[in-house]
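Single-letter residue listing:
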Amino acid sequence: MDKITQKIRETAKLALENGEVEKIIGWTKGDTFDDSHPVFITDEDKADSLIWDSFCVNNVSKYLIKELKQSNKVGVFLKGCDSLGFNQLIVDNRIDRTKVVVYGISCPGMIDPEKVKNEGLNKGLKSVKRSGDEIIFITSEVEKKLSSKDFEFDKCLKCRHPNPVVYDQLMTDALEEREVDLEARFKDVEDLEALSNDERSAYWKNQFSKCIRCNACRNICPACSCVKCIFDNTKAEVSGKAKADTEEQFYHIIRAYHVAGRCVECGECSRVCPAGIPLHKLNSKIIKDLNGLYGEHEAGLDSSVEAPIGMFKLDDCDSFSKQGGGKK
Amino acid sequence: MSIEDEKIEGIDKVKFEPLVVAFCCNWCSYAGADLAGTSRFSYPANVKIIRVPCSCRVSENFVLRAFQRGADAVVIAGCHPGDCHYTSGNYHTRRRFSILTNLLEYMGIEQERFKVDWISAAEGHKFASVMNDVLEKVHKLGPNGKLRDDRWIR
Amino acid sequence: MMKKISKSQFSQLFSNIDKSYQLFLPVELDGKVNFDLWQEGDKVNIEKLKTNISPKSFIFPQSETYMKFKRDGKKLKIDNVSGKKEDYVIFGVRHCDASSFKLLDNVFLEEPVDRLYEQRREKGTIVTMACFEPEENCFCTSFGIKPQTAPIEVDVTTWDLGESILWQSQTQKGEALTEKLNDILEDAANQDKAELNSLQESTKGKVKELPLAKLDPTKITGELKDLFDSEIWQELSERCLGCGSCTFVCPTCHCYDVSDFKGDAQTGERFRCWDSCMFSDFTLMAHGNIRKTQKERVRQRFMHKLVYYPNNHEGVYACVGCGRCVEKCPVHLDIVKVIKKLGGE
């Protein structure tokens with residue numbers, strides 16, 4: 001068994017046994033190779049179902065909102081990106097830090113099942129293991145070793161926080177900060193900015209026309225934690241459900257805007273989109289602008305820092321008076 | 001320019017009458033519009049003014065809805081920074097709509113179509129000139145088809 | 001009479017169909033394959049087994065206006081919007097998706113008949129394509145669907161032999177389409193039929209090897225109340241996000257909501273659009289949602305597919321085993337797990 005999995009199980013078992021926590025949220029394995037899903041454990045005998053592998057991509061911190069209403073103390077396993085989301089929930093006053101025990105896990109990057117399928121490696125695949133920068137695909141007959149870079153989620157390739165930024169206990173040794181091209185962070189945005197207005201408009205129209213309004217992007221988002229979303233509020237007259245281009249544009253602009261300054265760049269919105277819309281490009285744009293106009297801010301890095309939208313400074317640059325179109 | 005080019009989505013560009021929606025703060029710009037009227041500064045009737053209690057009352061939903069339902073340009077006018085009736089409302093406006101201005105441009109809306117400006121109750125002249133300026137630019141750009149709801153016929 | 005056409009003649013086949021029908025087929029765009037209106041130069045992809053979103057949107061669109069109204073003085077003028085007028089062909093539908101149409105018929109064509117749905121069904125000619133290489137997530141055989149042989153109600157069925165495809169019409173609508181294509185379809189040779197037979201046989205073998213081949217919904221037995229009160233719902237629903245991915249990619253989900261688009265003060269239109277039992281505002285009434293927790297919503301979805309629908313429709317399950325929910329659910333909560341757990345596995 002994997003060393004980290006073992007540590008996770010031992011930790012969970014101990015915490016439940018001695019009553020340190022009432023519930024543990026982690027991941028467990030399903031039937032298919034890519035199926036590692038969140039699990040909620042209250043019984044220490046079931047702690048052995050917990051696992052850690054290259055498909056534990058779900059951020060379990062948002063479940064805390066629901067769970068803390070029923071339990072007084074909950075333990076969660078958080079990866080680097082998850083911990084940013086966790087901090088953001090604290091900033092947003094949605095969870096009580098004192099009621100949570102955080103078990104941090106350094107994450108080398110998660111594997112995108114779609115990339116595995118695109119390479120045709122999923123046929124008869126039994127399991128997938130990772131060692132360092134190599135992924136081992138195991139079928140009943142052969143073992144194949146391939147470079148991890150080709151199979152990680154796009155968002156993981158850009159990851160700047162493999163190590164949890166907040167934790168009570170660490171499950172792993174800290175990983176070395178990965179070499180990430182910082183200029184690549186906003187490359188998607190800059191590519192779009194370089195287009196003409198009409199090209200950009202056509203680009204987004206095409207993207208949004210794929211939207212099926214399933215709300216997965218909203219529901220997975222650790223920053224989308226409103227008690228009642230305006231799009232669920234039938235009285236607010238904004239929840240236009242028709243499949244019309246403008247309704248989809250409206251939904252996505254507002255969704256991105258509502259998490260402005262609070263988006264932790266976990267990239268989950270793009271991952272879960274069943275239609276494959278690159279939704280993170282909206283959030284990245286806002287982050288880029290906020291950084292440019294009001295100074296660097298990284299949401300979720302520090303739970304004591306306020307988000308840049310919702311506060312102001314008297315000497316903020318006045319971007320309107322010079323016809324600046326919002327630029328400095 | 002061919003005849004096809006002049007007709008954008010059924011709207012004749014030659015006879016094009018732009019629609020500008022202006023959200024005006026009750027305590028300054030709305031009075032500024034009043035002053036513009038009483039001082040007989042002319043600004044076209046295409047500007048539809050919506051009175052709001054403070055420029056920060058304007059939500060990004062309003063702006064998008066206006067574009068959806070036929071606006072060719074949207075203006076938000078509030079008190080000069082430091083003069084807010086509620087102390088700090090327009091500081092929030094400044095941050096929030098800086099971001100929205102950029103985001104709209106990112107979605108392909110020409111930046112001339114969305115404007116935020118500070119107009120006090122004493123600046124009737126400024127109100128007229130801002131509106132004229134926006135209208136002139138919108139005239140050049142033509143009718144707005146982006147973000148427009150197809151089901152909506154003006 | 002079985003026909004045949006070489007793949008090199010595909011673009012001609014499509015443009016011939018396009019002359020008398022609207023043609024929808026699987027088109028690849030930005031790495032995803034979806035059914036779309038055919039245009040010259042589109043990247044047609046018939047190799048991909050499942051389209052990203054199911055083709056149910058052609059017979060049951062995501063949103064559809066059915067009434068327009070206008071105020072005229074004190075009177076209200078109401079116009080019924082007419083339905084689909086053009087004949088259309090959907091090419092390359094897989095047998096799972098084709099079977100889902102029958103399930104929707106059971107709902108929309110029962111009294112009172114849904115006018116718009118009926119029109120869409122009448123205007124459409126369904127051309128299926130058999131699967132010889134089912135995927136890991138496929139379990140259509142659990143619902144009596146054969147990947148290698150089309151259901152009998154399908155208009156035309158085709159088989160991909162690599163270089164060419166075999167074409168067999170099964171209904172009058174199918175005959176009409178085949179007749180229009182007579183000049184490019186040739187008769188299939190005995191050799192082709194033999195090849196088809198051997199491919200069909202080998203598919204039967206492959207299906208049995210699939211990881212989900214043994215999935216059996218008939219194991220779900222017992223009193224409705226016991227199933228309803230089963231403990232599995234709590235455990236399964238705990239991680240549900242409450243998004244509608246599963247319901248909107250599902251070929252058999254058919255719930256809709258009715259709402260109004262308000263035009264100016266004088267005009268408006270009433271439309272229906274897909275709705276999901278996973279949403280908090282589903283079947284919203286004056287007192288709120290009747291299913292207050294996600295557990296009740298998850299239970300509703302799966303009980304409907306596996307218990308209520310079969311009870312009302314002679315034991316037919318409202319699932320076709322396409323596996324889209326298995327692929328798309330962000331937290332891996334899918335019907336396979338429910339069938340296994342509810343079946344006592």
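Basis of the calculations
- Residues numbered from 1 in each chain as written.
- Chains lettered and ligands numbered in written order.
- Predicted model: local features only at pLDDT ≥ 70, side-chain atom pairs only at ≥ 80, totals over all residues.
- Heavy atoms only, no water.
- Helix = DSSP H or I, 4+ residues; strand = E, 2+ residues; numbered from the N terminus.
- Rg over C-alpha atoms; globule rule 2.2 N^0.38 Å.
- Buried < 20%, exposed > 50% of the residue type's maximum accessible area, 1.4 Å probe, protein only.
- Areas by Shrake-Rupley, 256 points an atom, 1.4 Å probe, with all protein chains shown as cover.
- Domains from an automatic or database assignment.
- Contact = heavy atoms within 4.5 Å.
- Salt bridge = Lys/Arg side-chain N within 4 Å of Asp/Glu carboxyl O.
- Polar contact = N/O pair within 3.5 Å; in protein donor to acceptor, adjacent residues only side chain to side chain.
- Nonpolar A, V, L, I, M, F, W, Y, C, P; charged D, E, K, R; others polar.
- Buried area = accessible area lost by both parts, 1.4 Å probe.
- Core = buried A, V, L, I, M, F, W, Y, C linked by side-chain atoms within 4.5 Å.
- Phe/Tyr/Trp six-rings, centres within 6.5 Å; stacked < 30°, edge-to-face > 60°.
- Pairing = 2+ DSSP bridges.
- Axes fitted to C-alpha atoms, helices over the stretch in contact; angles between N-to-C directions.
- Expected span 1.5 Å × (residues − 1).

**Q** For the overall build of chain C, give the residues involved together with the corresponding values.
**A** For chain C, the count of helices and strands is eleven helices and 14 strands. For chain C, whose C-alpha radius of gyration is 22 Å, the value lies close to the compact-globule estimate of 20 Å for 345 residues. Dimensions of chain C, computed from C-alpha atoms along their principal axes, come out at roughly 65 × 65 × 40 Å. Taking all 345 residues of chain C together, 56% fall into the buried category. Carbon and sulfur atoms form 48% of the exposed surface of chain C, whose accessible area is close to 15,600 Å².

**Q** A description of the overall build of chain A should follow, citing residues and the corresponding values.
**A** Counting its regular elements, chain A contains eleven helices and eight strands. The globule rule puts the C-alpha radius of gyration for 328 residues at 20 Å, and the 21 Å found for chain A is close to it. If one aligns the C-alpha atoms of chain A with their principal axes, the spans along those axes are about 65 × 45 × 40 Å. Within chain A, the fraction of its 328 residues that count as buried is 58%.

**Q** Lay out the domain arrangement of chain A in plain terms, naming residues and giving numbers.
**A** All names here are of chain A. Each assigned domain of chain A is listed here: domain 1 (3-119 + 155-170) and domain 2 (182-294). For domain 1 versus domain 2, the distance between C-alpha centres works out to 26 Å. Each partner contributes residues to the interface: domain 1 has 15 residues there, and domain 2 has 22 residues. Remark: the boundary between domain 1 and domain 2 carries four salt bridges. A salt bridge links Arg262 to Asp92; its shortest N-O distance comes to 2.7 Å. Along the contact surface separating domain 1 from domain 2 lie nine residue pairs in polar contact (both at pLDDT 80 or more). When residues in the side of domain 1 that touches domain 2 are grouped by element, the largest group, five residues, is from helix H3 (residues 80-91). Class assignment for the residues of the side of domain 1 that touches domain 2 results in five nonpolar, four polar and six charged.

**Q** Any chance you could break down the interface of chain B and chain A for me, citing the residues and the numbers?
**A** Each partner contributes to the interface: chain B provides 37 residues, whereas chain A provides 48 residues. Across the chain B/chain A interface, buried area totals approximately 4,000 Å², and carbon plus sulfur atoms make up 57% of it. In this structure, the connection of chain B to chain A is made through three salt bridges. The salt bridge partner of Lys146(B) is Asp198(A), with a shortest N-O separation of 2.6 Å.

**Q** I'd like a rundown of the nonpolar core, residues and numbers included.
**A** Counting residues in each nonpolar core, the largest one holds 80 residues, and the members touching the most others are Ile24(A), Leu64(A), Val76(A), Phe77(A), Phe86(A) and Phe139(C). Per-element tally for this core: the top contributor is helix H9 (residues 294-312) of chain C, with six residues. The residues contacting Ile24(A), other than those within four sequence positions of it, are Ala12(A), Leu16(A), Val39(A), Phe40(A), Ile41(A), Leu50(A), Gly75(A), Phe77(A) and Tyr103(A). Counting residues in each nonpolar core, the second largest holds 50 residues, with Val189(A), Ala256(A), Ala260(A) and Ile99(B) among its members.

**Q** Can you explain the packing of aromatic side chains? Please cite residues and give values.
**A** Given two aromatic rings, one states the distance between the centres and the angle between the planes to describe the pair. Counted by the stated rule, this structure contains 31 aromatic pairs over all chains. Relative to Phe151(A), the ring of Phe137(A) lies with its centre 5.0 Å away and its plane at 65°, an arrangement referred to as edge-to-face. Placement of Phe137(A) in strand E6 (residues 134-139) and of Phe151(A) in the loop between strand E7 (143-147) and helix H5 (154-157) is noted, with a sequence separation of 14 residues between them. Taken individually, Phe137(A) and Phe151(A) each receive the classification buried, so the pair is uniform in this respect. Ring plane angle 55° and centroid distance 5.6 Å describe the contact between Phe248(C) and Trp274(C), whose orientation is recorded as tilted. Taken together, the residues Phe248(C) in helix H8 (residues 245-249) and Trp274(C) in strand E12 (residues 267-274) connect sequence positions 26 residues apart. Residue Phe248(C) is classed as buried on the basis of its relative accessible area, which comes to 2%. With a relative accessible area of 6%, Trp274(C) lands in the buried category. Through a chain of ring-to-ring contacts, three or more aromatic side chains come together here, namely Phe60(C), Phe108(C), Tyr117(C), Phe248(C), Tyr256(C), Trp274(C) and Phe279(C).

**Q** Outline the pattern of salt bridges, supporting the account with residue identities and numerical values.
**A** The tally for this structure, following the rule as stated, stands at 58 salt bridges over all chains. A salt bridge links Lys337(C) to Asp35(A), with the nearest nitrogen and oxygen atoms 2.6 Å apart. Here Lys337(C) is found in helix H11 (residues 335-342), whereas its partner Asp35(A) is found in the loop between strand E1 (23-29) and strand E2 (36-41) on a different chain. A cluster of three or more residues bridged by salt bridges with shared partners is formed by Arg160(A), Arg185(A), Glu265(A) and Glu298(A).

**Q** Help me get a handle on the sheet that holds strand E3 (residues 74-78) of chain A, residues and values and all.
**A** Residue and element names in this part refer to chain A. Read across the sheet, five strands follow the order E2-E1-E3-E4-E8 without closing on themselves; strand pairing throughout is mixed. Edge positions in the sheet fall to E2 and strand E8 (169-170), since each has one partner strand and no second. Against the sheet, H3 touches E1, E3 and strand E4 (100-104), its axis set at about 135° to E3.

**Q** Tell me about the environment of Phe248(C), and please be specific about residues and values.
**A** C-alpha separation for the pair Phe248(C) and Tyr309(C), spaced 61 residues apart in sequence, amounts to 18 Å. When sequence neighbours within four positions are dropped, the list of residues in contact with Phe248(C) reads Ile212(A), Arg213(A), Cys214(A), Ile53(C), Lys56(C), Gln62(C), Trp274(C), Asp275(C), Ser276(C) and Phe279(C).

**Q** Could you give me a rundown of the side chain of His95(C), with the residues and numbers involved?
**A** Residues and elements named next belong to chain C. Tracing the chain through its elements places His95 in helix H2 (residues 95-108). Under the relative-accessibility criterion, His95 is labelled buried at 1%. Of note is the side chain of His95, whose polar atom sits 3.4 Å from the backbone oxygen of Thr149.

**Q** Can you break down the interface of chain A and chain C residue by residue, with the values?
**A** Each side of the interface is counted separately: chain A has 40 residues, and chain C has 35 residues. A buried area of about 3,100 Å², summed over both sides, lies between chain A and chain C, and 48% of it is on carbon and sulfur atoms. Summed over the three residues of chain A that lose the most area to chain C, namely Ile212(A), Lys241(A) and Pro274(A), the buried surface amounts to 20% of that side. At the junction of chain A and chain C, the tally comes to eight salt bridges. Ionic pairing is found between Lys32(C) and Glu114(A), a salt bridge with its closest N-O pair at 3.1 Å.

**Q** For helix H4 (residues 89-106) of chain B, give the residues involved together with the corresponding values.
**A** The periodicity of an α-helix, 3.6 residues per turn, causes residues three or four positions apart to be oriented the same way. All names here are of chain B. Over its 18 residues, H4 extends 26 Å from the first C-alpha to the last, a length consistent with the 26 Å expected when each residue adds 1.5 Å. Among the 18 residues in H4, 17 count as buried, and that is most of the element. One or two positions beyond H4, positive phi appears at Gly108, with a value near 100°.

**Q** How would you explain the side chain of Arg272(C) if you had to name every residue and give the values?
**A** Residue and element names in this part refer to chain C. As for its position among the elements, Arg272 is in strand E12. Residue Arg272 is classed as buried on the basis of its relative accessible area, which comes to 5%. A polar atom in the side chain of Arg272 sits 2.7 Å from the side chain of Asp114. Not counting residues up to four positions away in its chain, the partners in contact with Arg272 are Phe60, Gln62, Ser63, Glu64, Tyr66, Asp114, Leu116, Tyr117, Tyr256, Asp257 and Val258.

**Q** Break down the environment of Val272(A) for me, citing the residues and quoting the values.
**A** Tracing the chain through its elements places Val272(A) in helix H10 (residues 268-272). Under the relative-accessibility criterion, Val272(A) is labelled buried at 4%. Expressed as a C-alpha distance, the spacing of Val272(A) and Asn215(A), which sit 57 residues apart in the sequence, is 9.8 Å. For Val272(A), the residues in contact, after removing those within four places along its chain, are Ala216(A), Cys217(A), Ile220(A) and Pro330(C).

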